[in-house]
Amino acid sequence: MLQELGNAFAFVLLAALLPPIILVLGSFFRPSFPHEGKLTTYECGEMPVGSAYLMFNNRFYLVAIVFLVFDVEVALLFPILMLFREAIEIGGSTALQVFSLAFAFLGVLFVGLIYEWKTGDIDWVKDAVDRKDAMLGGGPIAKVEAKSGENIA
Amino acid sequence: MSLAELLSGVNQFIGVGVPMFVFSILGAVIVILLFAMPVGGFATYIERKIAADFQERIGPNRVGPIGLLQFFADGIKMFLKEDTISKNADKFIYNFAPSLVMAGSLGAFAAIPFSAYVIGADLNIGIFYAMALGSFVSLGVLLGAWSSENKWSLLGGMRGAAQIVSYEIPLGLAVLSVITISGTMSMHELVSQQAWPSAAAGQGGHFWNIVHNPFMFINFFIYFIAALAECNRVPFDLPEAESELVSGFNTEFSGMRFGLYALAEFADVILFACIATAIFLGGWHVPFYDLRSLDLGLTIGDANLNPLIQTVAMIGVFLAKVSVLIFIVMWIRWTLPRLRVDQLMNLCWKYLIPIAFFNLIGAAVWTWVFEGQSMIQLIGKVMGVL
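Residues numbered from 1 in each chain as written. Chains lettered and ligands numbered in written order. Predicted model: local features only at pLDDT ≥ 70, side-chain atom pairs only at ≥ 80, totals over all residues. Heavy atoms only, no water.

### Notes on the overall build of chain B
Applied cut-off: Helix and strand assignments follow DSSP, with helices taken as H or I runs no shorter than four residues and strands as E runs no shorter than two, numbered in order from the N terminus. Only C-alpha atoms enter the radius of gyration; for comparison, a globular chain is expected to reach 2.2 Å times N to the power 0.38, where N is the number of residues. Burial status follows relative accessibility: with a 1.4 Å probe on protein chains alone, a residue under 20% of its type maximum counts as buried, one over 50% as exposed, and anything between as partly exposed. Contacts are residue-level and defined by heavy atoms, with any inter-residue pair within 4.5 Å sufficient. We get accessible surface area from the Shrake-Rupley algorithm with a probe of 1.4 Å; when it comes to residues, only the shown protein chains can shield them.
Per the secondary structure count, chain B includes 14 helices and 2 strands. Computed over the C-alpha atoms, the radius of gyration of chain B is 22 Å, within 12% of the 21 Å expected from 2.2 N^0.38 for a compact globule of 386 residues. C-alpha extents for chain B along the principal axes are approximately 70 × 55 × 45 Å. Counting over 386 residues, chain B shows a buried share of 59%. Put simply, of all contacts in chain B between residues at least 6 apart along the chain, 74% involve residues at least 24 apart. With an accessible surface of roughly 15100 Å², chain B has 70% of that area assigned to carbon and sulfur atoms.

See the structure below:
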C-alpha cells in the first residue's frame, strides 16, 4: 500500500510542478514589455477605483460554516458505511448497530438542515416579510405589505 | 495492479534493477502528460466544434484536417504570450494558485481505473482520494481570485467557492451511497463488482451501479448535476459568468496562466466523467459479457496476447462511456441558460441534499433487505437464470 501511496504522490507532485515548469520554460520564449498602464488592475479599461478588497455578502460565510458541518459528517460516514455490507454478512445485530450509528448521526444533521431551512438561513435572498415585520414591529400595515411583498424573494 | 507495477515488468527484460520510484513517476507521466493533458486540450476543440454544430456554424477548420490541431496551435500561442502580472496582485499566492488547481484536477487521475490492469495508483481509499483532491480545485479558484486584487475576480471567486463547497455535499452523499452498496472504497474493486451477473459461483457481479436499485438511479443524476456545478459548467458557470463578471475568477490571469486554468477546468470535467463512469456506469464492463475472459487466441511466439487485447478493449469501452458523458456536458452548455445565485443555492440545499439523504437511507435499506443483491440479480433469480 505504501507503494501505491507513493504512486499517487508522484501524480500530485507532477501535476503541481507542471505550472512552474511550463511558465519557466515559457519565459525563455515569450516577450516581456511591462508598461505602467498594462500592469494596472483590469477594470474594463478605466482606471481602477479603490481596492478590490471590498465588503462582500456575508451569506458566503454562512454557507461555508454550514458546509463545514456537513462535510465533516460525510467524511466521517465514509468509513462507517463502508463496513455496512461486511456487517450484514456477519449477521446478528451488527448490521443494526452500524445502521443506527450512521443514521442517528445523519438524522441529527438532517434535523439541523430542517431547522436552518425553517429559520431561513439557507435562503440566499432573505424574505422581505421578516425584515419589514421586525422594523415595523409587526403591525397591521406591515402585514398588508408583507402579502404584496411575498414574491420579492 | 497499478501502472507502476506493470511498467516495472521491464526490469525482467533489461536485467537492471531500476528503482521503483522511477516507474511511479513514469506512470504519472503517462497518465497526465499522455492522457489527461492532451485529452483536456482536445476537449476544447470538441467543445468549439459542438458549439458550432449547435449554432449552424463551421467552427475551427484551419489548423490541420478539419481543424484537428487547433488545440495544439492554441497551446503554442498561449505559451508564447507575454506574462502580465498586475502590480497590485499578491505575487506569491498568484503564482501558487494554478499549481493547486492543477494538483487537484490532474493529480486525482491517479485513482481512475482505465482497465482491469491499468490504474495510476491502486489505493484502497481510491474514491476518497479522488474526492479529496477534487476539492483542491475550489481552494485554487478562491486563492487565485483573491490574490489578483480585482473586483470581478473576487466576486467570481467567492461565488465559485460557495458553489463548489455547497455542491460537494450532494456529491459526497451520492458517492457515499455507492460505497454503502459496494462495501469498498478501492476504485478497482468498485469496478470489478459491476460485472454482468453470472450463474457460476464466485463469478460475476451486480452489474452497473446505476441500475443496482431505484435509489442509485436517482443518485446518478444527483452526482451528475453536482459534478456539473463542481466543474463550473453551464448552467452553473456563475464563477466566470462572462456576461456579468468579465471572466470571473481568472480575469487577471493572462497567457499561459489562463491556459493552465482552462486546461485544469477541462481536466476536471474529464475527471468527473471518469469517476461517474467508474462508480455508476460500470467502468470497463459491458452487458452480457465479461471482458476479463476475452480470448482471441492470438500469440506472438510464446507470449499470449490476451492481456493486451483485453486491456485495449477495456480502455476502449471506458473511454467510450466517458466521451458520451462529456458530450452530454457540452450539449447541456448550449441548451440551458445560467441559473441565478439564489436558484443555485435553493437547488443544492432544498432539493439535492434532502433527496440525496433519502437515497442514502434507501440504498442502505435495500442492501440490508436484499443482502447486497442488485435488481438485475433479483430478476435473474426469479427467472431462474442465476
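Next, the rest of the story.
### Quick look at the overall build of chain A
Helix and strand content of chain A: 6 helices and 0 strands. Mapped in sequence order, the helices and strands of chain A form the string α-α-α-α-α-α. Within the span of chain A, comprising 153 residues, buried residues form 33% of the whole. Across chain A, contacts joining residues at least 24 apart in sequence account for 43% of those joining residues at least 6 apart. In the form shown here, chain A has an accessible surface area of approximately 9700 Å², with 70% of it arising from carbon and sulfur atoms.

### Here's the deal with the side chain of H188 of chain B
Following the sequence through the fold, H188 of chain B ends up in helix 9 (residues 187-192). Filtering out sequence-adjacent residues up to four positions away, H188 of chain B remains in contact with A116, I119 and D122 of chain B.

### Brief notes about the packing of helix 5 (residues 91-107) of chain B against helix 6 (residues 126-134) of chain B
All names here are of chain B. Just so we agree on the cut-off: Lines fitted to C-alpha atoms define the axes here, with helix axes fitted over just the stretch in contact, and angles between the N-to-C directions of these axes take values from 0 to 180 degrees. Comment on the angle field: the value is read as roughly parallel under 35 degrees, roughly antiparallel over 145, roughly perpendicular from 65 to 115, and oblique elsewhere. Left-handed describes a crossing whose near helix is turned anticlockwise from the far helix by less than a right angle; the clockwise case is right-handed. In this classification, Asp, Glu, Lys and Arg are treated as charged, Ala, Val, Leu, Ile, Met, Phe, Trp, Tyr, Cys and Pro as nonpolar, and every other residue, Gly included, as polar.
Interhelical geometry of helix 5 versus helix 6 gives an angle of 155° and a closest axis separation of 8 Å. Taken together, helix 5 and helix 6 sit at an angle that is classed as roughly antiparallel. Regarding helix 5 and helix 6, the two cross each other, and that crossing is left-handed. The residues of helix 6 that touch helix 5, namely those facing A103, G104 and G107, are Y129, L133 and G134. Partitioned by chemical class, the residues of the contact of helix 5 with helix 6 number 3 nonpolar, 3 polar and no charged.

### Points about the packing of helix 8 (residues 151-182) of chain B against helix 10 (residues 214-230) of chain B
All names here are of chain B. Helix 10 packs onto helix 8 with a crossing angle of 150° between their chain directions and a minimal axis gap of 8 Å. Compared by their axis directions, helix 8 and helix 10 come out roughly antiparallel. Two packed elements cross with a definite hand, and for helix 8 against helix 10 that hand is left-handed. Only M216, N219, I222, Y223, A226, A227, A229 and E230 of helix 10 make contact with helix 8, whose side of the interface consists of Q163, I164, Y167, E168, P170, L171, A174, V175, S177, V178 and I181.

### Describing the packing of aromatic side chains
Counted only if it meets this: Pairing of aromatic side chains requires ring centres within 6.5 Å, counting the rings of Phe and Tyr and the six-membered ring of Trp. Pairs whose planes differ by under 30 degrees are stacked, by over 60 edge-to-face, and all others tilted.
Scanning all chains against the criterion turns up 31 aromatic pairs over all chains. Ring centres 4.6 Å apart and planes at 40° place the aromatic pair F99 of chain A and F103 of chain A in the tilted group. Of this pair, F99 of chain A and F103 of chain A both sit in helix 4 (residues 94-119), 4 residues apart, which is roughly one turn of that helix. Each member of the pair, F99 of chain A as well as F103 of chain A, is classed as buried. Where F207 of chain B meets W208 of chain B, the ring centres are 5.2 Å apart and the plane angle is 20°; that geometry is what we call stacked. Just as F207 of chain B is buried, W208 of chain B falls in that class too. Taken together, F217, F220, F221, Y223, F224, F272 and F280 of chain B form an aromatic cluster joined through their ring pairs.

### Observations concerning the interface of chain A and chain B
Selection criterion: A 1.4 Å probe defines the accessible area here, and the buried area is the portion of it lost by two parts on being joined, summed over both. Here a salt bridge means any side-chain nitrogen of Lys or Arg lying within 4 Å of a carboxyl oxygen belonging to Asp or Glu.
Contacts between the two partners involve 70 residues from chain A and, on the opposite side, 89 residues from chain B. When chain A packs against chain B, close to 7000 Å² is buried across both sides, 76% of that on carbon and sulfur atoms. Together, F11, F78 and R85 of chain A form the three largest contributors to the area buried by chain A at its contact with chain B, with a combined 12%. Between the two partners, chain A and chain B, sit 3 salt bridges. Here E36 of chain A and K87 of chain B are joined by a salt bridge, their closest N and O atoms 3.3 Å apart. Mapped onto the side of chain A that touches chain B, the elements with two or more residues apiece are helix 1 (2-26), helix 2 (59-82), helix 3 (84-90) and helix 4 of chain A. When residues in the side of chain A that touches chain B are grouped by element, the largest group, 18 residues, is from helix 1 of chain A.

### Some remarks on the confidence of the model for chain A
Filter applied, for reference: One confidence number per residue, pLDDT, is output by the predictor and ranges from 0 to 100.
Averaged over every residue, the pLDDT of chain A is 76; residues scoring 70 or more account for 81%. No element of chain A has a lower mean pLDDT than helix 6 (residues 140-149) of chain A, which averages 45, and none a higher one than helix 1 of chain A, which averages 86.

### Some thoughts on the environment of A195 of chain B
Residue and element names in this part refer to chain B. The topology assignment puts A195 in the loop between helix 9 and helix 10. Here A195 falls in the buried class, since its relative accessible area comes to 0%. A C-alpha to C-alpha distance of 5.0 Å links A195 and F207, two positions 12 residues apart in sequence. When neighbours within four sequence positions are excluded, A195 is seen to be in contact with G204, G205, H206, F207, H285, D290 and R292.

### As for helix 5 of chain B
To keep things clear, this is the line we draw: Take the number of residues in a helix, subtract one, and multiply by 1.5 Å to get its expected span.
Taking 1.5 Å per residue as the helical rise, helix 5 of chain B with its 17 residues ought to reach 24 Å, and the 24 Å between its terminal C-alpha atoms agrees with that figure. Taking burial as the measure, the 17 residues of helix 5 of chain B include 13 buried ones, the bulk of the element.

### Some words on the nonpolar core
Keep this limit in mind: Among buried residues, the Ala, Val, Leu, Ile, Met, Phe, Trp, Tyr and Cys ones that are joined through side-chain atoms within 4.5 Å form a nonpolar core. Note that the domain bounds were set by an automatic or database domain assignment.
The biggest cluster of nonpolar side chains holds 150 residues, and the ones touching the most others in it are L106, F109, I127, M187, Y223, I279 and W349 of chain B. Considering every element that reaches this core, the biggest residue donor is helix 11 (residues 255-279) of chain B, with 17 residues. Both of domain 1 (2-39) and domain 2 (59-147) of chain A provide at least three residues apiece to this core.

### A few points about the confidence of the model for chain B
Within chain B, residue pLDDT values average 84, and 98% of them lie at 70 or more. Interface confidence for the predicted complex, expressed as ipTM, amounts to 0.82; the pTM equals 0.87.

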